[in-house]
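# What the coordinates show
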Amino acid sequence: MSQHPVPVSPPTDDTSVPPGTLWSRMKADPQYAAEHLALDAVRRLGPEAAGWAARIRADRPGITPDELAGLAVKHFTTLARLSGAVSGAAGLPGAVLDVGVLAWTQARMVLHIAAAYDADPAAPERATDLLVLQRVHKVAETARTALGVAAGRERASRIFTGSQGGPLGGTLLKLSLKLAQMAGVRAARKMFAKLVPGAGVVLGTWVNSAATKDLARRAREHFAAR
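Since the structure is predicted, the reported quantities are computational estimates derived from the model, not experimental observations.

The rules behind the values
- Residues numbered from 1 in each chain as written.
- Predicted model: local features only at pLDDT ≥ 70, side-chain atom pairs only at ≥ 80, totals over all residues.
- Heavy atoms only, no water.
- Helix = DSSP H or I, 4+ residues; strand = E, 2+ residues; numbered from the N terminus.
- Contact = heavy atoms within 4.5 Å.
- Areas by Shrake-Rupley, 256 points an atom, 1.4 Å probe, with all protein chains shown as cover.
- Axes fitted to C-alpha atoms, helices over the stretch in contact; angles between N-to-C directions.
- Parallel < 35°, antiparallel > 145°, perpendicular 65-115°, else oblique.
- Left-handed = near helix turned anticlockwise from the far one by under 90°.
- Nonpolar A, V, L, I, M, F, W, Y, C, P; charged D, E, K, R; others polar.
- Core = buried A, V, L, I, M, F, W, Y, C linked by side-chain atoms within 4.5 Å.
- Buried < 20%, exposed > 50% of the residue type's maximum accessible area, 1.4 Å probe, protein only.
- pLDDT = per-residue confidence, 0-100.

## Some points on the overall build of the protein chain
In terms of helices and strands, the protein chain carries nine helices and zero strands. Start at the N end of the protein chain and walk to the C end: the helices and strands fall as α-α-α-α-α-α-α-α-α. Long-range contacts, defined as pairs at least 24 residues apart, comprise 80% of the intrachain contacts of the protein chain with a sequence gap of at least 6. Here the protein chain has roughly 10,300 Å² of accessible surface; of this, 59% comes from carbon and sulfur atoms.

Structure representation (structure tokens):
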């Protein structure tokens, strides 16, 4: 039996937020923002999820897949709720960051749930699972096609800068709507909350938590049935 404390939640490090390179790709190609996020999540977060599951199984040999998945759900639901609470009234750029971090946190959760049920979280097909479970696409075939397009369109771009006016404002709005769709957030309500000082804290916390719990339920049912 290990004498070290049993890890009860996935590690939090530089994988806790979307990397700058991903933000750049999504800003440059907002139409496929969800696909870019799913591809990057599997590449960057899949190994993390696999390692987390292996460590907990080594410390708790009798843990069941449902119990392991429950640890991931609890941890990432808390992260999602905190993300909603700390977001300020930063206007449209703040709303983009909020829904982007939420979608990334949810992707981490789904990949950890996959690992709990012995589905390789680093396998390419997990990107398809992410898009279907997050209801970006209704069926796997459409998701795979979109992922293929996004993979072919990946390119470097400067991370968003400047004011909300002009062409940049249109790009940020399109990106925010795509990410909000992926995160299960009602985009219009979320955007208005972000633009009204104080409103984002209460609404953000509730919306983020509810959307993440709903996704967790779908993900557990999906991977448990495999």
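## Details of the packing of helix H1 (residues 20-28) against helix H2 (residues 33-59)
Direction vectors running N to C along H1 and H2 enclose 160 degrees, while the axes themselves pass 9 Å from each other. Judged by the inter-axis angle, H1 sits roughly antiparallel to H2. Every pair of crossing elements has a handedness; the one defined by H1 and H2 is right-handed. Between H1 and H2, the contacting residues are Thr21, Leu22, Arg25 and Met26 on the first element and Ala33, His36, Leu37, Asp40, Arg43 and Arg44 on the second. Across the contact of H1 with H2, the residue classes tally to four nonpolar, two polar and four charged.

## Concerning the nonpolar core
Ranked by internal contacts, the top residues of the largest apolar core, which has 59 residues, are Leu37, Ile113, Leu179 and Phe223. Among the secondary structure elements, those contributing two or more residues to this core are H1, H2, helix H3 (65-86), helix H4 (91-116), helix H5 (125-133), helix H6 (140-153), helix H7 (166-183) and helix H9 (199-224). With 13 residues, H4 is the largest single contributor of residues to this core. In contact with Phe223, not counting residues within four places along its chain, are Val110, Ile113, Ala114, Tyr117, Ala119, Arg126, Asp129 and Leu133.

## What to know about the environment of Leu79
Here Leu79 is to be found in helix H3. Distance in space between the C-alpha atoms of Leu79 and Val101 is 9.9 Å, their sequence separation being 22 residues. With sequence-adjacent residues up to four places away left out, Leu79 is seen in contact with Thr105 and Arg108.

## Notes on the confidence of the model for the protein chain
Across the protein chain, pLDDT averages 80, with 73% of residues at or above 70. No element of the protein chain has a lower mean pLDDT than helix H8 (residues 187-195), at 50, and none a higher one than H5, at 97. Every residue in residues 1-6 scores below 50 in pLDDT, and together they form four contacts with partners more than four places removed in sequence or on other chains. This model gives residues 155-167 a pLDDT under 50, and the stretch forms 26 contacts once residues within four places in sequence are excluded.

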